[in-house]
Every structure is written in C-alpha cells, then in structure tokens.
Amino acid sequence: MRQQKKKHLFEKIESGYHKYAVQELASWVNGIIEQPFYIEDSIAFIPDVACYENGILTKIYEVVHSHSINGKKLGLINDWCYRNATELSVFEV
C-alpha cells in the first residue's frame, strides 16, 4: 500500500527584510513568532507575531509592505475569536 504525502496548505514565502522585521517586532513587543491558530484541527491563520498577557491572547501583528491583510484572513481571525470567546486587537505594521 502506497502512502501519499499530505500537501502543505501554507507555503512560506518571505523576503529577508520581512523575516528581520518580524523578529525585531517580536523582540519589541515580547511576542511569539508565527504561532498557528486552529479551527477544528486545521490551521485557520498564522499571524506574524502573537502577544499574550497573563496567558491570554490580546494582540496579533502582521508585518505588511505591499499586501495588507485580506478579508478572508480577517474573517478567519474573527471566526476563531468567536469560537474561543476571545477579544483581540489586530495591528498591521
């Protein structure tokens, strides 16, 4: 029986500038870099930086240059917040 490899739903494509900016921002805000958030066992979204206060997610940051956060990603973030009874702020940097 032949096993099939599962395709990755997310392909990581980022410039060196973006990677450095994410690392620098995470150090400034004491955040976690690229932590995935799940809805029903599948990845819903991965913010560039996630910040917690007292163990509760309060803020997420997206480092953008030419492509801002699209409506689909905002909708997934909103859905995750609703399902987890969590309020958070989303920042584009």
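It should be noted that the structure appears before, not after, this text.
Residues numbered from 1 in each chain as written. Predicted model: local features only at pLDDT ≥ 70, side-chain atom pairs only at ≥ 80, totals over all residues. Heavy atoms only, no water.

**Focus: the side chain of Thr 86**
(1) Moving on: Mapping Thr 86 onto the fold places it in the loop between α2 (71-83) and β6 (89-92).
(2) Moving on: When its relative accessible area of 17% is taken as the criterion, Thr 86 is described as buried.
(3) Moving on: Within the structure, Thr 86 has its side chain in polar contact with the backbone oxygen of Asn 84 (distance 2.9 Å).
(4) Moving on: Once you skip the residues sitting within four places of it in the chain, Thr 86 turns out to touch Leu 57, Trp 80 and Cys 81. (Helix = DSSP H or I, 4+ residues; strand = E, 2+ residues; numbered from the N terminus. Buried < 20%, exposed > 50% of the residue type's maximum accessible area, 1.4 Å probe, protein only. Polar contact = N/O pair within 3.5 Å; in protein donor to acceptor, adjacent residues only side chain to side chain. Contact = heavy atoms within 4.5 Å.)

**Here's the deal with the sheet that holds strand β1 (residues 32-33)**
Whether parallel or antiparallel, the strands of a sheet pair through hydrogen bonds between backbone atoms.
(1) Moving on: As summarised here, the arrangement of the four strands in space is β1-β4-β5-β6, forming an open sheet in which the pairing is mixed. Only two strands of the sheet have a single neighbouring strand rather than two, namely β1 and β6.
(2) Moving on: In this sheet, β6 lies alongside strand β5 (residues 56-62) in parallel orientation, the contact comprising four bridges. Looking at β6, one finds that Lys 59 is bridged to Ser 89.
(3) Moving on: Contacts from helix α1 (residues 16-29) reach β1, β4 (49-53) and β5, with the element oriented near 10° to β4. (Pairing = 2+ DSSP bridges. Axes fitted to C-alpha atoms, helices over the stretch in contact; angles between N-to-C directions.)

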